[in-house]
Amino acid sequence: MNTTLTQTGQKWLNWASQHPKKFFIYSMVFLSVSFIGSLIQGIFFPSDNAFKIKPPILYSKSKMEQNTTINNEKEMRKIVDELKSLKVKSEHKELQKEDSLRIDYLFNQYQKLRNGR
């Protein structure tokens, strides 16, 4: 099998070296026909996978969601701690007008974080 391939290849190379004009014409005809065929295929039968380059995914969605929930929990803990300190202040009757505004603001922030907005 291997010897027949090498013999056939040698025949083709000898023919190409003996008839360079015919070899050039045949190769140009083959290249032209294949180019026109690929143009027709690309225009009339486009591939579904052509030019669909996907950018690399730097962060997976699950990690981002997990990070936001962790950040929300941290923020909620901070708010709860500050509300506890303000509660202690109210028990000692040391609240001021600014403190009551701060309580309203913290409560609204806590509600937003808990509802996920």
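Bear in mind the structure is a predicted one, so any value in this text is a computation, not a measurement.

*Asks:* Help me get a handle on the nonpolar core, residues and values and all.
*Replies:* Counting residues in hydrophobic clusters, the biggest one holds 5 residues: Met76, Ile79, Leu86, Leu106 and Leu113. When residues in this core are grouped by element, the largest group, 3 residues, is from helix H3 (residues 61-91).

*Asks:* Break down the pattern of salt bridges for me, with residues and values.
*Replies:* For the structure on display, the rule yields 3 salt bridges. With a closest N to O distance of 3.9 Å, lysine 78 and glutamate 75 form a salt bridge. Residue lysine 78 and its partner glutamate 75 are located together in helix H3, separated by 3 residues, close to a single helical turn. Note on lysine 78: relative accessible area 54%, which makes it exposed. Under the relative-accessibility criterion, glutamate 75 is labelled partly exposed at 37%.

*Asks:* Which residues make up unusual backbone geometry, and what values go with them?
*Replies:* Backbone geometry places lysine 93, a non-glycine residue, at a positive phi of 55°. If you trace the backbone, lysine 93 turns up in the loop between H3 and helix H4 (97-115).

*Asks:* An account of the packing of aromatic side chains is requested, with residue identities and associated values reported.
*Replies:* Per the stated rule, a full pass over the model turns up 2 aromatic pairs. Considering the side-chain rings of tryptophan 12 and tryptophan 15, the 6.4 Å spacing of their centres and the 75° angle between planes classify their relative orientation as edge-to-face. Highlighted residues: tryptophan 12 and tryptophan 15, both in helix H1 (residues 2-18), separated by 3 residues, approximately one helical turn. Look at tryptophan 12 and you get exposed, because its relative accessible area is 59%.

*Asks:* Tell me about the packing of H1 against helix H2 (residues 20-44), residues and numbers included.
*Replies:* A pair of packed helices can be characterised by two numbers: the angle between their axes and the separation between those axes. Packing of H1 against H2 brings their axes to within 5 Å, and their N-to-C directions diverge by 110°. Between H1 and H2, the crossing angle belongs to the class labelled roughly perpendicular. Residues Trp15, Ala16, Ser17 and Gln18 of H1 pack against Pro20, Lys22, Phe23 and Tyr26 of H2. Looking at the contact of H1 with H2, its residues break down into 5 nonpolar, 2 polar and 1 charged.

Procedures and definitions
- Residues numbered from 1 in each chain as written.
- Predicted model: local features only at pLDDT ≥ 70, side-chain atom pairs only at ≥ 80, totals over all residues.
- Heavy atoms only, no water.
- Core = buried A, V, L, I, M, F, W, Y, C linked by side-chain atoms within 4.5 Å.
- Buried < 20%, exposed > 50% of the residue type's maximum accessible area, 1.4 Å probe, protein only.
- Helix = DSSP H or I, 4+ residues; strand = E, 2+ residues; numbered from the N terminus.
- Salt bridge = Lys/Arg side-chain N within 4 Å of Asp/Glu carboxyl O.
- Phe/Tyr/Trp six-rings, centres within 6.5 Å; stacked < 30°, edge-to-face > 60°.
- Axes fitted to C-alpha atoms, helices over the stretch in contact; angles between N-to-C directions.
- Parallel < 35°, antiparallel > 145°, perpendicular 65-115°, else oblique.
- Contact = heavy atoms within 4.5 Å.
- Nonpolar A, V, L, I, M, F, W, Y, C, P; charged D, E, K, R; others polar.

Any functional reading would require information that these geometric values do not contain.
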